[in-house]
Amino acid sequence: MKLKAIKGTLTYENEDVELISSFQQRGYRTSPLLHINGKEVPIHLASKARPDQTLLTFLREVMGLTGSKLGCAEGGCGACTVMVSRYDTSVDKVLHYSVNACLMPILATDGFHVTTVEGVGTIRGDELHPIQEAMVDMHGSQCGFCTPGIVVAIYSLFANNPSQKYLEEHLDGNLCRCTGYRPIWDAAKSLCTDNDSITHGPCGTACRECPEREVCDMECNVADVAEEKKEDAPSKKEDTQSKKEGVPSTCCSSSVDKLSQYKDSFLKNPDAWLSQPDSMFPEKLMSPPSTPLMVVDRSFNKSGTWFKPTTLSQFLSLLHQFNGECKIVVGNTEVGIETKFKHSVIPRLIAPSQSIDSIFSISEENDHLRIGSCTPLSTIQHKCSEMLGGDFDRIAKPIHDMLRWFASTQIRNVACLGGNLATASPISDMNPMMACMNAKLIIASCNDEGVVIRRKVAVPDFFVSYRTVDLKPNELVEAIEVPKAAPLFEYIVPFKQARRREDDISIVTAGMRIILAPSDGAYTITECSIAFGGLAPKTIMAKETELFLKNKVLSMETFTAARKVLIKEVQLPDDVPGGQAQYRMTLASSFLHKFYYNVVEMVRSDLVKISENAETYSNFTNLPKAPIIDEKEQCAGDSFMDEVKPSIQGTQVFPTPKSYNGLESKNKEGSIAAGVLKAKKGKDEVGSPATHASGPLHCTGEALYTDDVPLPPGSLHASLIMATTCNTELLSIDSTISLETPGVIAVYTHKDIEQLGGNNILGPIMHDEFVFLPIGERVHFVGQVVGVCIAETLEASEAGARSTNVKYGKVVEKAIVSIEDAIEAQSFYEFARHKIDRSSPSIVTDGDEVFEVSGTFRCGGQEHFYLETNSTLAVPSDAGTDLTIYCSTQAVTKTQKYCASAANMHASKVVVRMKRMGGGFGGKETRNVFSSCAASVAAKLSGKPVRLTLGRDVDMALSGGRHAFIAKYKASVIVKKDQSVKLNSFNVKLYSNGGSAFDLSGPIMDRALFHVDGPYYWPQFHAEGVPAKTVQPPHTAFRGFGGPQGLAACEHVIDHLADACGIAGDVIRKQNMYSEGQSTPFGMIMGEQFAGKWNVPTMFEKLCNAVDYDSRCRAVEEFNAKHKYKKRGINILPTKFGIAFTAKYMNQGGALVHLYTDGTVLVSHGGTEMGQGLHTKVCQIVAQAFEIPLGDVYVNDTSSDKVANTIPTAASSSTDMYGMAALDACTQILKRLEPVRKKMSESASLKDIAEAAFFDRIDLSAHGFFALDNSRCGYDWNLEKPENFPDDAPQNSWKGHAFNYFTQGCAYTEVEIDVLTGNHKTLRSDVLVDVTVGRSINPALDIGQIEGAFIQGMGWSTMEELIYGDDDHTWVRPRGRMFTTGPGTYKIPAFNDVPETFNVSLMENVDNPFAVHSSKAIGEPPFFLGSSVYYAIKNAIKAARAEFNVDGYFEMAIPATSERIRMACTDEIVEECLASDKKTAASFQPKGSF
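Residues numbered from 1 in each chain as written. Predicted model: local features only at pLDDT ≥ 70, side-chain atom pairs only at ≥ 80, totals over all residues. Heavy atoms only, no water.

**Observations regarding helix H44 (residues 1428-1443)**
So the rule is basically this: Secondary structure elements are taken from DSSP: a helix is a run of H or I of four residues or more, a strand is a run of E of two residues or more, and numbering for both begins at the N terminus. Expected helix span is given by 1.5 Å per residue-to-residue step, counting one fewer step than there are residues. Between buried and exposed lies partly exposed: a residue is buried under 20% and exposed over 50% of the maximum accessible area for its type, with that area taken using a 1.4 Å probe on protein chains only.
Counted at 1.5 Å a residue, the expected span for H44 with its 16 residues is 22 Å, and the 23 Å between its end C-alpha atoms agrees. Most of H44 sits inside the fold, with 12 of its 16 residues counted as buried. Immediately downstream of H44, the backbone of Asn1445 shows phi near 60 degrees, a positive value.

In structure tokens form, the structure reads like this:
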């Protein structure tokens, strides 16, 4: 392609332009036929579709449909989900399926119908679809960014099969970081047409109809029996006062309740809305184009040419004509990644039409199953499901079971088996399956005359080397032939283990096949095929193991010996790419071990089958019995792969909605103002479980986020120029080539900021960062921003940024990446080192025994993974003298301050506006600032609006996350004569990985120190903490702000002490919780007038009783005694979390309230809405104050020109501060209205009063302000003890009062682990929080926060693992680079990971006089309770270790990944793979980045 100018526009001359005429003569069209939301796309818009353009880009940029979101650009989050529909002539019906619009090419929808969330329903005219209404009603959205994709995913599933089982099986391609998924499950299942409100077990039988109901001990039945008893029993949920008032003290809502919510509305006539996808389908597409398509791109995007052949001969002739200069695209799940992340330029893309039957069909032949290479995986899965129980059952079932867990529904709907084979991924799930089944590939091509030539290749021979296959450039994999298995004694089993069950690539995957023959009283292995993925650069056959097994007798002895052969055959070097060498070898051996148990079980089934069908199998007589397996070991063959996916359910209990007085009652003027409105009071708005104010907008995709804001004319797009190495000098930046890129306008670096007169320095506390790294400075971390490229299009700006030539000096020192590196090099932020000391005398009497322990605890970092990445739109006006910044930020004022500074402007001329965020979790408190500054500088210099939205990979690599921690400790406990236990001493040193700049690392370490005592009293206490300085990106605030890391260290020590003294950890916890009047090591007294009521001991006891803890302990012990390779563990975990900013000045907030003459109210306040429902709660407080309906109060956005000098929305304190500030403003207005009100009748409405006041010239606006009392916040670490300080006051209390109060809670969790793989599932979690202790402003939002925080904490402690290039991961280059930069490598919990039973209760009948309406903060405190899953897993591992004679303490870092679980179980397979003795194996520690 050549560059040329045409009428002043730079374009690329695509040589295929010359071919258009010849292809038209061959019947090719040159314009696509596109239909979106029931309408045909006009030709002038359809003609803008480019070959390499995604459907998502076309929808958002060309069609202006911004409901579908860009979350990751790799099909891993589902935020972009849309539905594609096509008419299938073979079945005479319209087929509907969900796809990832971020991967699907727009031209692939030629002749199809696309439905986006805007086409599902709209708030205009109140035309919400039932799915959208259910999501709103059941609180299924919080930040709302992921919601449109989830709505469309559910809509697509309902279009195919509106049953609960189908939904639970296929809702697997979307992620949500806010809700915890339970309310989404409830919303979706409430509309299922088979929904009967009856509990069904994994067996598929309704529990209440089960003939074994009285003896069945499955969790579902036990819970349902208890539920049935509750239904039959009279209600006992009323306290004395409630009985007097005739109102129950608590409200209870369960998933079962919700299933019946729409029985009398939407479910009365479901066809009315279920038929919508069919009725929307355009009539024109019932006869889709039958002619092929050719689209030639001539823009500077270099997106080449698109071909859509409609016959096999056309397809093969294109491959022949463009030999090697084209790529086949079916699902684009591989090519899309190549073009986006590897920046591949592909001259031609060939996307075959569904009309080519030989590559899109499945057929059952005499001796094999024929699968067309381009058949979507979901179609294969569906067809195999139909074959179960038939002649092809033995090959259909393993294929079906593997495909259930292959990627996501959205991916399976478009990805094909041929593409999977041709791309030859070494960790493909299906390739080992096909290899072990001896599948053959039919490879087709054509010669010069167009004659089709075919050849066959066995799948194992197809894979030549890494990503290389036996396929010539002009050849096509036409079909796959899978041999039919024998009806008896031939068995095929799939295996897979990943970091997460759903939508995750495998760590190791395998397919194993065996053929047996009865011989001499046993079964002889006549044939065996074992294929693996994840153990080599390509799919491999374990040939030596196969050879060893052949002609051997089927027995445990045979397979035990085979394991040793296999281990030698699959040896991996310690630094193997991908890491986890020991685990991967262990998995391979464990799969073989599992295979034996599976085979024996299937032999038993065949013997039963033969005995029951003796005439059919008359040739089989006197068969030997199957090998005997100990009943305890039978669970070894179990796998999640063929289990029914769980039905997630839960119960939510909260106090009866009612408004209560809190901190505001101390305001005398408030009580005066409260008497202004004397009309009969309606319902309380405070305390009501109102839905999120933006819920309807979330669910229809009409909620605008920063990247959705329409661009002003002339707007430019920006891309960051980032360092590709670290720990070396930045020598030069050359933008010559960048500026030659068509569409690029400019490249700006630190020199441009200097010329502008701006300040290039950043940093929220220490000014140790740059907007753009200056030449001559050391590069602090991989990805550090050195400049920004702006261009007319996003593609041009990205190309310009990539082509900027940046040169670096030589790396002369080993980069400090980990905490251990920093300790060795003494690389710390020393000025932030703080200590807490408390010394109380120990009382040790005769007969007492003191147990001491010491050790190290590690917990990893965590990525925020907010679904909306950092985004900024900077718009200059008035000749560049003003700047309006639309930004996704938690810190409006901080963003304003630094953008003004960088652009050399007064803060008064920079307005930052924040409507809503698609999640924040602390990640946008400081780390949005660098990108906002880059956009602002570019806008100032160019004089044009500039948008900068970070890609997911860039956001993750640059923005930092939760700090990794290491705790080194010594502790002791005293066991008394009566076996009571007292904690004695705790000495701990905390180290955090602060990264390359200070950011908020100091305050985060401080909060860790404030929480490392846990909810326990330690008489002798010494804690010291310091952040380490490394070359990781600057780490920052994350939900909990260091508190969870401190709490986790404490709980680890409790467990260690329990192992040392032989007394259960739960006993130690219960006996050593703070008592009223005791003080924390930092001087806060537990008690109502000091820190609020201390509820943890009561809550702990209450939760134990509620879950019948003792019985559950016994049940778990019984289960573990009966199962060798499955173990269960339970844990009950208490927590306390301090509420307030420890920096005193930050405990303030402002609000602006306008009362309009129609009686409605507009509120502006300094807090930002990120999904937590802050605006909704503030509106409820204001509505309560004015005694008006909630719908009459509105918050527009958070803007620096409405409420100035704001504090970041953080520390869970926003409702406390902005609720009080808004109430203060309401009080001022109400006080002014008092004289007017006295002149009017008692029936006068607020509208009447406001109109009268306006004509009396009374101000109806007020600015409210709140600052937390000086005595209840602030802590000065350096303050010495005053000479006259009372001796009886708590130690360290002279330094201040760290927190206003504590939010407290407890969680019970039960888990089950697979000892052989490390897979785990959470069976149940019960959470009790005193979050609002009966005084919730909005219990529904609070429960949503609890569930979301719990799942996020569960993710941190079990599966979310960050990996950097460090000593443990030398295969990551360069050193210091983050490897986990997207959903493909970093796994957050998915729909299937939620506790199967998830109950949340808010404690009732306790006041909190220190916050508005007696409420409590909720955003962060429940996060740590999610780690109860981790501690339950530890207890399950402990049971496994005991099974294998390994007792006592063991160290296990957070997160408890499948690798850590498996390797910690220390069975004989782990010993074999580590080639070590039991003691060495028991102390093995998998690698990690800390």
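**Section: the sheet that holds strand E35 (residues 882-887)**
Note the cut-off: In this analysis, strands are considered paired if DSSP registers two or more bridges between them. Note on definitions: a residue-residue contact is assigned when non-hydrogen atoms from the two residues lie within 4.5 Å. In this analysis an axis means a line fitted to C-alpha atoms, helices contributing only their contacting stretch, and an angle means the value between N-to-C directions, from 0 to 180 degrees.
If you trace the 8 strands from one edge of the open sheet to the other, you get E27-E30-E25-E37-E34-E35-E36-E45, paired in mixed fashion. Edge strands, defined here as strands with exactly one partner in the open sheet, are strand E27 (744-748) and strand E45 (1198-1199). The pairing of E27 with strand E30 (residues 785-791) spans 4 bridges and is classified as antiparallel. For Tyr748, the partnering residue across the bridge sits in E30 and is Val788. Along the sheet, helix H32 (residues 892-902) contacts E35, strand E36 (910-914) and E45; its crossing angle with E36, the most-contacted strand, is approximately 145 degrees.

**A few points about helix H41 (residues 1214-1239)**
The cut-off we apply is this: Two axes enter the definition of the bend at a residue: one is fitted to the seven residues ending there, the other to the seven starting there, and the bend is the angle between them.
If you check H41, its first and last C-alpha atoms are 37 Å apart, about what 26 residues at 1.5 Å a residue would give, namely 38 Å. The largest bend in H41 is about 40 degrees, located at Leu1233, with the proline Pro1235 one to four residues further on.

**As for a nonpolar patch on the surface**
To keep it simple, the criterion reads: Patch membership is restricted to residues that have no salt bridge and whose relative accessible area is over 30%. Joining uses 9 Å for like charges and 5 Å for the nonpolar side chains Val, Leu, Ile, Met, Phe, Trp and Tyr. Per-residue and other accessible areas were derived by the Shrake-Rupley procedure at a 1.4 Å probe size, with only the shown protein chains allowed to occlude residues. Any carboxyl oxygen of Asp or Glu that lies within 4 Å of a side-chain nitrogen of Lys or Arg is treated as forming a salt bridge with it.
On the surface, Ile765, Met766 and Phe831 cluster together into a nonpolar patch covering about 270 Å² of accessible area. Topologically, Met766 is positioned in the loop between strand E28 (761-762) and strand E29 (769-770). What makes Met766 partly exposed here is its relative accessible area of 34%.

**Notes on the state of the cysteines**
The cut-off we apply is this: For this text, the term disulfide refers to a pair of cysteine sulfurs within 2.5 Å.
By the definition in use, this model includes 0 disulfides. Cysteine Cys251 is unpaired, with the sulfur of Cys252 as its nearest cysteine sulfur at 8.9 Å. Given a relative accessible area of 22%, Cys251 falls into the partly exposed group. Left without a disulfide partner, Cys859 is nearest to the cysteine sulfur of Cys1050, which lies 13 Å away. The exposure class of Cys859 is buried, given its relative accessible area of 0%.

**What to know about the sheet that holds strand E9 (residues 293-296)**
With mixed pairing, the 4 strands of this open sheet are ordered in space as E9-E10-E12-E11. The open sheet has two edge strands with one neighbour each: E9 and strand E11 (327-328). Looking at chain direction, strand E10 (residues 305-308) and strand E12 (residues 348-350) are connected through 3 bridges and run parallel. Residue pairing in the sheet places Phe307 in a bridge with Ile350 of E12. In this fold helix H14 (residues 312-321) packs onto E10, E11 and E12, with an angle of close to 155 degrees to the strand it touches most, E12.

**Remarks on the confidence of the model for the protein chain**
Counted only if it meets this: Confidence per residue, as judged by the predictor, is encoded in pLDDT with a range of 0 to 100.
Here the protein chain averages 93 in pLDDT, and 94% of its residues register 70 or above. Every residue in residues 1-11 is under pLDDT 50, and counting partners more than four places away or in other chains gives 24 contacts. pLDDT under 50 marks residues 233-247. Its contacts with residues more than four places away, or in other chains, come to 14 contacts.

**Here's the deal with the packing of aromatic side chains**
What counts is decided by this rule: Any two rings among Phe, Tyr and Trp, with Trp reduced to its six-membered ring, count as a pair given centres within 6.5 Å; such a pair is stacked if its planes are under 30 degrees apart, edge-to-face if over 60, and tilted if neither. Cation placement over rings: the criterion is NZ of Lys or CZ of Arg within 6 Å of the ring centroid and within 35° of the ring normal.
Inspection of the entire model under this criterion finds 46 aromatic pairs. Ring centres of Trp405 and Phe640 lie 4.9 Å apart, and the angle between their planes is 85 degrees; this geometry places the pair in the edge-to-face category. In this pair, Trp405 sits in the loop between helix H18 (393-404) and helix H19 (409-412) while Phe640 sits in the loop between helix H25 (581-612) and strand E24 (651-655), placing the two residues 235 residues apart along the sequence. Of the residues examined, Trp405 reaches a relative accessible area of 2% and is grouped as buried. We classify Phe640 as buried; its relative accessible area is 10%. Three or more aromatic residues joined by ring pairs form one cluster here, namely Phe495, Phe559, Phe591, Phe595, Tyr596, Tyr597, Tyr1125 and Phe1444. The residue whose ring lies beneath Arg962 is Phe1038, and the NZ or CZ to ring-centre distance is 4.3 Å.

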